[in-house]
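Residues per chain, in single letters:
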Amino acid sequence: MPKQKKFNLKPEIDGTTIKRWAVRIAVIIVSSIIMAVMVRFATLSDEDVANSVLRGEPILQIVILSLINAAILSTLFTYTLYVKRDSDVGIRDKTVPVIAVAVLLTFVFSMIFGSLVSLYIVPLSLCSLLVATLVDRRVGIVTNILISQTFFLAYILVYGTENAVESSAALVTSMVASIFLIMFLDKAFSRLKFTVVGMLVGLCTAVIPMLINYLVDANETTTILLSGLWSFLSVVLSLAVFMIVLPLMEYVFRLDTQFKLQELSSLENPLLKRLSREAPGTFNHSMVVGNLAELCAEAIGENSLLARVAAYYHDVGKMKNAEYFIENQKGYNPHDDVIPEVSVAMIISHVTEGYAMLKKARIPDEIADCALQHHGTTPVNYFLYKAQNLTEDNLDRKEFSYPGPKPRTKVAAILMITDTVEAASRALAEKMNSPKDFRALVHNMIKQKADLGQFTECPITYKDLDEIEDTLVKAIPSMYHARIQYDNNNRDREKKD
Ligand SMILES: [Fe+2]
Ligand SMILES: [Fe+2]
């Protein structure tokens, strides 16, 4: 019986962890100071604002403001750790910079439009949309609440309490609009659709500040109408900047969003086009795995588009030595001319080659990680047995196994399962005639991976594995049905002839 691992309550602290935390703290401190300086600078530059609360020693005020900002950013980051404990390990290191950049950008745009057009243009939705899209929707909503309160505080400090009701109305409206936009993020699969719906949200929520201003003074028709206009423009501005900034942040931080995944799923993508030209067999295999992975992810409540896209790119590394992979061979098998050790090195290298290619093409980390993990640490049995037949020496099993790491997310585990099941069912399709055959095949494939300990580093459960098995048993026969029917008919005809 394998020795049971002791549960370690204390996280291991090594050089990388210390460096990671140092970067996080530095980002929080720097962005907090920038925001504090901006608030203080706005107060000094606006001579007309006689009500400013901030008077006196600027350095001390900047220090105090920085501390307040740092407390808010740290709270957001802590909340991110709290909600994202089990999944999405890819984003964790980038959370602080992403939140800091999103908050800073919103701050800068608010300052610019506040001084150029109107105080009540607050692109608050920009911040929450960026965080919701790049980090997590729940964190986006908490960001929305915390940042709007911070903005309100900044308004009071800079402009005094004279316009408190109007500022508050603008911020409440932005908060409401942001929540609707965040909820809609999941449903909108194109940037255009999202923009159109965003504008509608902007129009509907513009009523809120108008009603609040009506309560304050029903005779101030211009103020009432203008508050609606500023509110609408706040949402439009947020959406416009969001659409420009999001692709830049996706690129810089190598993060995937539903929008980015949509783009990557296009077969016009240069890497996929190259794959279809240089390794057509692998390309077809990846498309089928994409369909299966999407179905499985849907069945267990994971991101189905991410699963599909990860499957599309999981074997791009095979382009380097395409003819060494069975699906691309047309008669000639180059493995016949080399020793098993060389063969296995060629086969195994496709995971690291693929990972390097995806990194170079700046494909989001989550997809590159799936490519690296899709074979885990499994052995390449065919060449291991072939080598064992050629020698009496004891072979190092590790040399005939993939380097890992094992799947770290549920999507990576789905990819591992669908990849092997697709390859095996393609090879055995003709021999399988009943649903029982398909179930036996899928069950054995999943069991084999589990027995090899391939799911010990990801949060997948037995229930998930059952769901995946059921999904594949239903999906595979229909996928190969046409081919099997065609082959059987032909065989029957040949027999008759
Ligand atoms: Fe592979
Ligand atoms: Fe594959």
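Residues numbered from 1 in each chain as written. Chains lettered and ligands numbered in written order. Predicted model: local features only at pLDDT ≥ 70, side-chain atom pairs only at ≥ 80, totals over all residues. Heavy atoms only, no water.

Any chance you could break down the overall build of the chain for me, citing the residues and the numbers?
Looking only at helices and strands, one finds 20 helices and zero strands in the chain. Evaluated residue by residue, the chain yields a buried proportion of 49% over its 497 residues. Accessible surface for the chain amounts to roughly 25,400 Å². Of this, 61% is attributable to carbon and sulfur atoms. (Helix = DSSP H or I, 4+ residues; strand = E, 2+ residues; numbered from the N terminus. Buried < 20%, exposed > 50% of the residue type's maximum accessible area, 1.4 Å probe, protein only. Areas by Shrake-Rupley, 256 points an atom, 1.4 Å probe, with all protein chains shown as cover.)

Give me the coordination of the iron ion (ligand 2): which residues, what numbers.
Within the first shell, the iron ion (ligand 2) binds the protein through His-285 (NE2), His-314 (NE2), Asp-315 (OD) and Asp-419 (OD), at distances of 2.1 to 2.3 Å. Angles of 79 to 175° at the metal separate the four donor atoms of the iron ion (ligand 2), which places the site in the irregular class. Positions of the donor residues of the iron ion (ligand 2), expressed as sequence spacing, correspond to H-x28-H-D-x103-D. (Donors = N, O, S within 2.8 Å, 3.2 Å for Na, K, Ca; no water. Tetrahedral: all angles 85-135°; square planar, octahedral: opposite > 155°, others 65-115°.)

So what's going on with a nonpolar patch on the surface? Which residues, and what values?
A cluster of nonpolar side chains, contributed by Trp-21, Ile-25, Ile-29, Ile-33, Val-37 and Phe-41, occupies part of the molecular surface with about 570 Å² of accessible area. With respect to the element layout, Trp-21 can be found in helix α1 (residues 15-45). (Patch = residues over 30% accessible without salt bridge, like charges linked within 9 Å, V, L, I, M, F, W, Y side chains within 5 Å. Salt bridge = Lys/Arg side-chain N within 4 Å of Asp/Glu carboxyl O.)

Got a sec to walk through the packing of aromatic side chains? Specific residues and values, please.
Applying the stated criterion to the full structure yields six aromatic pairs. Residues Phe-107 and Phe-151 carry aromatic rings whose centres are separated by 5.2 Å and whose planes lie at 85° to one another, so their mutual orientation is edge-to-face. Of the two residues, Phe-107 sits in helix α4 (residues 95-116) while Phe-151 sits in helix α6 (residues 137-159), which places them 44 residues apart along the sequence. Given a relative accessible area of 5%, Phe-107 falls into the buried group. (Phe/Tyr/Trp six-rings, centres within 6.5 Å; stacked < 30°, edge-to-face > 60°.)

By themselves, these observations are geometric and do not establish any function.
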